[in-house]
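Chain residues, written in single-letter form:
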Amino acid sequence: MNESDWINLADQVIANTYKRFPVVFESGQGAVLTDVEGRAYVDFVAGIAVCNLGHANQGVADALAAQAKKLFHVSNLFYTTPQAELAQWLVDHSFADRVFFCNSGAEANEAAIKLARKNFFDKGNYNRWRIIAMEQSFHGRTYATLSATGQKKVREGFEPILEGFDFVPFNDIDALAANVSEKTCAVLLELIQGEGGVLCASPEYIKAARRLCDETGAILIFDEIQTGMGRTGKLFAYEHYGVAPDIMTLAKALGNGLPIGAMLAMEDVVRAFTPGSHASTFGGTPVITAAALEVVRQMERDDILASCRETGAYFKERLTALKDRHDVIADVRGVGLMLGMRLKTAGAPIVEACMKKGYLINCTQETILRFIPPLVITRAQVDGLIACLDDIFSNTHT
Ligand SMILES: *Cc1c(COP(=O)(O)O)cnc(C)c1O
């Protein structure tokens with residue numbers, strides 16, 4: 001079978017929920033992907049901010065294989081060692097006291113939403129279940145998480161959605177202050193809206209959100225599913241703000257491509273989860289947690305945060321220099337290796353042109369090019385993309 005045979009097969013037998021590029025990938029190494037026809041691509045998407053340590057990471061593959069040869073799964077009716085070790089690592093490296101493991105970002109947010117509501121139920125405060133979320137946010141595709149997502153296109157067609165979510169404009173302190181009340185059980189937000197277009201929360205906004213939650217007793221939830229695990233040059237993006245949440249959700253890069261989600265919380269909040277109140281069959285299974293343990297150890301051993309900061313600063317500088325050369329670029333934004341470039345025209349043709357030249361990039365919200373490469377991307381690979389973009393912008397007359 002050649003590439004188009006595979007594409008035809010997939011298009012016949014897989015639910016049509018994704019708009020896909022016509023390429024079939026077969027292998028990867030670091031930041032480079034190779035398709036079934038042998039063409040190579042430098043990857044600035046990383047499986048949507050997932051493969052932070054690069055594709056086919058050998059250390060993670062070895063940890064996965066070693067654990068798979070010992071024990072796959074026993075359920076959470078019993079204890080296993082990698083799960084406890086990974087939880088300890090996360091607790092030691094964050095504000096949190098305890099971890100709940102699940103299998104995806106949406107599931108981590110589901111756990112956070114359930115935990116927040118259960119907190120007030122347990123206090124006999126049965127009318128306190130409203131959650132404030134942000135316009136343009138993205139929290140997942142399950143019912144609770146699409147209900148928390150501030151984008152009409154995600155919710156449309158699925159009504160009635162879960163009750164109790166109120167949306168406010170992102171980065172607007174007055175709007176938040178006007179909406180947080182005795183009925184608010186939680187405020188849920190991304191520190192940098194990823195799907196929303198690489199929009200950074202301002203430090204004042206995050207400080208105000210913390211203060212408003214403290215004043216009213218509402219729970220502050222940071223969705224760090226995209227920003228967490230080193231993406232912004234700190235282990236967690238909240239560290240840039242000096243403001244810790246009560247609950248944080250992780251997924252994407254935690255398993256470098258293996259499905260794992262986690263909800264981290266403070267003791268006085270997570271206490272509301274007791275045996276039987278929440279569960280996941282596959283959550284924190286030994287194979288996945290052993291692999292994730294290797295992910296976090298490799299991040300420390302190879303000082304991935306430092307390379308993310310260095311390469312990220314260099315990349316942003318080069319994107320900003322491009323902006324000075326090309327009128328079509330409206331702005332450049334982001335932190336670490338979570339960068340965005342807003343265009344004055346549609347981004348899709350640029351994504352396609354890059355792909356033809358062997359570079360994978362992403363476009364979100366129609367006009368925002370998003371760059372979320374593996375954190376191990378090199379300066380030379382960044383230079384290659386910059387030259388490619390420079391060439392494309394020089395030859396597109398809009
Ligand atoms: C990707 C993402 C999610 C959803 O994660 P899934 O694993 O696809 O369920 C939630 N929140 C944010 C910020 C994300 O980037």
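Residues numbered from 1 in each chain as written. Predicted model: local features only at pLDDT ≥ 70, side-chain atom pairs only at ≥ 80, totals over all residues. Heavy atoms only, no water.

(A) Structural view of the packing of aromatic side chains. The final tally for this structure, using the stated rule, is nine aromatic pairs. An aromatic cluster of at least three residues, connected via ring pairs, comprises F44, F315, Y359 and F371. (Phe/Tyr/Trp six-rings, centres within 6.5 Å; stacked < 30°, edge-to-face > 60°.)

(B) Representation of the environment of E267. By secondary structure assignment, the location of E267 is in helix 11 (residues 267–270). As a C-alpha pair, E267 and R98 span 169 residues in sequence and 6.7 Å in three-dimensional space. Residues contacting E267, with those up to four places away along its chain left out, are D97 and R98. (Helix = DSSP H or I, 4+ residues; strand = E, 2+ residues; numbered from the N terminus. Contact = heavy atoms within 4.5 Å.)

(C) Fine view of the sheet that holds strand 4 (residues 98–102). Read from one edge to the other, the open sheet built from seven strands follows the order 4-12-11-10-7-5-6, with strand pairing classed as mixed. Looking at the sheet topology across the chains shown, the edges are occupied by strand 4 and strand 6 (165–168). Across the sheet, the axes of successive neighbouring strands diverge by a mean angle of 20°, strand direction being ignored. The sheet contact formed by strand 7 (residues 184–189) and strand 10 (residues 219–223) spans four bridges and is parallel. Across the sheet, the residue bridging to A186 is I219, located in strand 10. Strands in contact with helix 4 (residues 81–92) are strand 4, strand 11 (247–250) and strand 12 (261–265); relative to strand 4, the strand with the most contacts, it is inclined by about 125°. (Pairing = 2+ DSSP bridges. Axes fitted to C-alpha atoms, helices over the stretch in contact; angles between N-to-C directions.)

(D) Region of the structure containing unusual backbone geometry. With an omega dihedral of 0°, the bond running from E159 to P160 counts as a cis peptide bond. Mapped onto the fold, P160 is located in the loop between helix 7 (152–155) and strand 6. At S75, a position not held by glycine, the phi torsion is positive, near 80°. Position of S75 among the secondary structure elements: in the loop between helix 3 (58–70) and helix 4. The backbone of N256 sits at a positive phi, close to 50°, despite the residue not being glycine. Tracing the sequence through the fold places N256 in the loop between strand 11 and strand 12.

(E) Representation of the domain arrangement of the protein. One can read the domain layout of the protein as domain 1 (59–301) and domain 2 (304–345 + 353–371). Spacing between the C-alpha centres of domain 1 and domain 2 amounts to 27 Å. The interface is formed by 22 residues belonging to domain 1 together with 16 residues belonging to domain 2. Interface area, domain 1 with domain 2, both sides summed: about 1500 Å², of which 58% is carbon and sulfur. For domain 1, the biggest contributors to the area lost against domain 2 are V198, R231 and G233; these three give 36% of the whole. Here E195 ties to R370 by a salt bridge, and the two come within 3.1 Å at their closest N and O atoms. Across the domain 1-domain 2 interface, the total number found is eleven residue pairs in polar contact (both at pLDDT 80 or more). Elements with a contribution of two residues or more to the side of domain 1 that touches domain 2: strand 9 (199–200) and helix 12 (286–301). (Domains from an automatic or database assignment. Buried area = accessible area lost by both parts, 1.4 Å probe. Salt bridge = Lys/Arg side-chain N within 4 Å of Asp/Glu carboxyl O. Polar contact = N/O pair within 3.5 Å; in protein donor to acceptor, adjacent residues only side chain to side chain.)

(F) Just the state of the cysteines, in detail. The final tally for this structure, using the stated rule, is zero disulfides. Take C185: it sits in no disulfide, and the sulfur closest to it among the cysteines is that of C213, at 10 Å. Unpaired in terms of disulfides, C388 finds its nearest cysteine sulfur in C354, a separation of 3.9 Å. (Disulfide = S-S within 2.5 Å.)

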